[in-house]
Amino acid sequence: MVYAAVLLLVVSAAVAAFVVASVRQSFPQTSGEITVAGLQGPVEVLRDEAGIPQVYADTAHDLFFAQGYVQAQDRFFEMDFRRHLTSGRLSELFGSDALETDMVVRTLGWRRVAERELAILDPDTRRFLQAYANGVNAYIEGKSGADLSFEYAVLSITGPDYAPEPWTPADSVAWLKAMAWDLRSNMSDEVDRVLATANLMTAEVEQLYPRYPYSRNAPIVTQGRVVGGIFRADERTQLLRPPPLLTRQTQRVRHSLDGIAEVLADLPTLLGTREGIGSNSWAVSGRRSATGEPILANDPHLAPSMPGIWYQMGLHCRELSRACPFDVSGFTFAGMPGVIIGHNQRIAWGLTTMYADVTDLYLERVDEERGTYLYDGEQLPLRTREESFEVAGLDGRVTITIRSTRHGPLLSDVVEEAGDTGRQAAQPPLTPEPGAEPYAVSLRWTALTPGRTMDAVIGINKATSWTRFREATRLFAVPSQNLVYADVAGHIGYQAPGQIPIRTGYDGRWPVPGWDSRYDWKGYIPFEALPSVLDPDSGYVVTANQPVIGPDYRYPLTSDTSYGYRSQRLINLLRSQATHDVADMAEMQLDTWNANAAALTPFLLDIDLPTNYYRQGQRVLRDWDYTQPAESGSAAYFNAVWTQVLALTFQDQLPEAAWPDGDDRWFAVVSGLLSVPDSMWWDDVGTDDVRETRDDVLLAALKRGRDDMTRLLARDTDEWAWGLLHRLSLDNLTLGQSEVGLVRGAFNRGPYEVGGGGGTVDATSWVATDGFEVTAVPAMRMVVSMADLDASRWIQVTGASGHAYSAHYTDQTQLWVDGETLAWPFSRGAVEGAMQDRLVLLPAG
């Protein structure tokens, strides 16, 4: 026993020593001087107490070179993981468990498209990308994996002995494809609609996707029309919904799509799931601002991760000139040059997801023997290519054949390669009609066409006016985003950019027959016709993923947006007082008022419960203000009841893949049903001799919710708190998923108790079928004052560093949880005043 105890102590000490030595080995130098080959002149990197770098250089080349160098210092493993993901090479690091993901990514061809994009970018942009890559490579040159990040040290024990390869411009551009994939809008809805027809008629499925309530919740653009081919409100094309195919062969279509839903769900998301991704961004004009000048706020809602998705940074040319025009600060992606969201010396901008419908699933009739597919009565040859994979732990390479039609790659082939469903399924959930094989399914997606979004990022960074800003956004091909604008001249504005397809005869909400050219895209909406507004009469622009414009707009942008609960709440808050300052804007970002609770709670309070035990739960809803701070017992109980309302109402009639997740679409669905107490949706189809009504469901939900609260928290309602259920875990996307607890503990942080929820301005989303754990968060918050840029505020959910155990790994997290922000110095004087570390990068020689 003594020997065993001593051995345990020795092993523990050895592990601790390894961890300490390995962790510190990768910490970067952040002060003093470093001589770096490839620089044209000296570069200063000034870091504040949060480790946030501000970079100063004399040339644009040195500025982006240093950006690459500094981001590699703090986040190289994250960058390397992303490039392996975007090029379909995760299995090189993580073995066969990652092979299915790699197959999907290679089938989509993210990296191939990125390489083609490089050729069409502006020469200056290509030079900046190369300078950035050179900076990354200058940092990693001569370093082992363990010198770069603790993750590599762990992998050297549990996996391959890996040496990072040089960074390339295509590695940066490929990240745009990952962004576009996670922000691709309604493809999952398109699949879910079809799967729901297993038990429902298409008309019943449509009831679960209600039209946007324009009479209650305003769209983004509410004024203006364009004449002569430029943005205007016009009559819409008459649409056919759904395509006739779906009314005749729904079972065959479902069988074609069932496996695709599973494979796509398994593809890791870097930004978040469709249900959780969103954003708030708004700007007020000087007449609504306490400063007399515009204020702009933004908080994108993305998946929580460790490290966080954003990297704060400033890029400053010491003297502004045509050759070196950058004086910009904000939120970047490690691995990409430039600033994605932020401000420069003249303008500020924010982004929210537009949910533009930029994908379509095409059902294809493939002749397997001939290697052809049907299109307008002709058999056309499938385009094929081979992709091979190096898989850690396996001898040899794995090779697959990828096939494409004129519409795009056959996703159904990935299903078969993965051995999940499709024609090779051992137990298909649905049996197709006799003699009818499942259709092949191809994907058309705007991001698979080379675009110039990287040019747009650089152009926005150096724009100094609305006109220059719009010129840059013209190139913002994918992902389509709502762009909110403010400037020091007193203007605010909005621009919808992106390559958004024109459809005639259908609306993109259901898969369509690929053999019929009537369902092909008819080009893209011209940029001049996309909605835009400068200095709206209202004095504000508010975007929170609601529709861009009303239903009379000529070109349908999408039918699947957020339902306007967040956006209308923000509008109401802006209208609640004459002017707002920076602190007011930051407070608005923390608003937790739940519109769903305001609609449903009065009905819950009208239910007569049978015992005092259940009535005790119901009483916590009385006099509730419908806000959801972490300490709220009312919010905890309401959300427990809400999950039961969804389960009792819909799970008996929907396949599991389409069960309600509880997002704001379901707010709208249930709100509409409350006034129809005998709707067929309330009935439990499993009880043949009883027809349940609304009040039967609400009674059962209240009782089950009370029982859940007793089981999960306490019998005493005074001990209930929303944050005890609604917790945020920050998990590393790679080694944070390890089966070894010590490894997970080294990289993951949390959980943290938070307030908010899906559909609230403070959008900490959760999935009703999976519990109350947070699945998406405002991954950063910023408020920019155009009256005094140094008075702006910012915060992100983790910290600047990607190094586990660094002082800056999670030093912003508790501030974020508490609703606080950091000072955001911009002028050289303010940056110097906040400086904690100064690193000077010197050119060799």
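Residues numbered from 1 in each chain as written. Predicted model: local features only at pLDDT ≥ 70, side-chain atom pairs only at ≥ 80, totals over all residues. Heavy atoms only, no water.

Considering helix H5 (residues 110-118)
Looking only at H5, the buried set comprises Trp110, Val113, Ala114, Glu117 and Leu118. Buried residues in H5, looked at end-on, bunch into an arc of 145°, giving them a common side. Of the surrounding secondary structure, the elements contacted by the buried residues of H5 are helix H2 (60-86), helix H4 (99-108), helix H6 (123-140), helix H9 (169-182) and strand S16 (440-445). (Buried < 20%, exposed > 50% of the residue type's maximum accessible area, 1.4 Å probe, protein only. Helix = DSSP H or I, 4+ residues; strand = E, 2+ residues; numbered from the N terminus. Arc of directions from axis to C-beta. Contact = heavy atoms within 4.5 Å.)

Observations concerning the pattern of salt bridges
In this structure the tally under the stated criterion is 36 salt bridges. Two residues, Glu78 and Arg75, come together in a salt bridge whose shortest N-O distance is 2.8 Å. Here Glu78 and its partner Arg75 are both found in helix H2, three residues apart, which amounts to about one turn of the helix. As far as the burial class goes, Glu78 and Arg75 line up, both buried. Put simply, Lys177 and Glu117 hold a salt bridge, and the shortest N to O gap is 2.4 Å. Here the residue Lys177 occupies a position in helix H9, and Glu117 occupies one in helix H5, the gap between them amounting to 60 residues. (Salt bridge = Lys/Arg side-chain N within 4 Å of Asp/Glu carboxyl O.)

What to know about the packing of aromatic side chains
Considering all chains together, one arrives at 36 aromatic pairs under this definition. Taking the centre distance of 6.1 Å and the plane angle of 65° together, the rings of Tyr553 and Tyr555 count as edge-to-face. Judged by relative accessible area, which is 4%, Tyr553 ranks as buried. Exposure remark for Tyr555: the relative accessible area of 17% places this residue in the buried category. Between Trp722 and Phe772, the ring centres sit 5.9 Å apart and the planes meet at 80°, which makes this aromatic pair edge-to-face. Of the two residues, Trp722 sits in helix H24 (residues 722-725) while Phe772 sits in the loop between strand S23 (749-753) and strand S24 (777-778), which places them 50 residues apart along the sequence. Accessibility classification places Trp722 together with Phe772 in one group, the buried group. An aromatic cluster is present here, built from Trp175, Trp310, Phe331, Phe333, Trp794 and Trp824 joined pairwise through their rings. Across the ring face of Trp175, the terminal group of Arg82 is positioned such that the distance to the ring centre comes to 4.2 Å. Cation over ring: Arg365 sits above Trp515, and NZ or CZ is 3.9 Å from the ring centre. (Phe/Tyr/Trp six-rings, centres within 6.5 Å; stacked < 30°, edge-to-face > 60°. Lys NZ or Arg CZ within 6 Å of the ring centre and 35° of its normal.)

Focus: the packing of helix H15 (residues 453-462) against helix H16 (residues 466-473)
For the pair H15 and H16, the least separation of the axes is 8 Å and the interaxial angle reads 170°. What the angle tells us is that H15 and H16 run roughly antiparallel. Of H16, the residues touching H15 (which contributes Ala456, Gly459 and Ile460) are Phe469, Ala472 and Thr473. Looking at the contact of H15 with H16, its residues break down into four nonpolar, two polar and no charged. (Axes fitted to C-alpha atoms, helices over the stretch in contact; angles between N-to-C directions. Parallel < 35°, antiparallel > 145°, perpendicular 65-115°, else oblique. Nonpolar A, V, L, I, M, F, W, Y, C, P; charged D, E, K, R; others polar.)

So, unusual backbone geometry
Cis geometry marks the peptide bond from Met306 to Pro307, where omega comes out at 0°. Relative to the helices and strands, Pro307 resides in the loop between strand S5 (295-302) and strand S6 (311-317). That bond from Gly750 to Pro751 is cis: its omega, 10°, falls within 30 degrees of zero. Counting through the fold element by element, Pro751 comes out in strand S23. Of note in the backbone geometry, Tyr355 takes a positive phi value of approximately 60° without being a glycine.

Points about the state of the cysteines
In this structure the tally under the stated criterion is one disulfide. Across the disulfide from Cys317 sits Cys324; the S-S distance is 2.0 Å. Of note, the bridge from Cys317 to Cys324 carries an S-S torsion of about -85° and is left-handed in sense. For the pair Cys317 and Cys324, a shared accessibility class is recorded, and that class is buried. (Disulfide = S-S within 2.5 Å.)

Concerning the packing of helix H19 (residues 595-605) against helix H21 (residues 633-650)
Look at H19 against H21: their axes get within 11 Å of each other, and the N-to-C directions meet at 80°. As far as their axial angle goes, H21 and H19 are roughly perpendicular. Contact residues: H19 offers Asn596, Ala597, Leu600, Thr601 and Leu604, while H21 offers Phe638, Val641 and Trp642. Residue composition of the contact of H19 with H21, grouped by class: six nonpolar, two polar and no charged.

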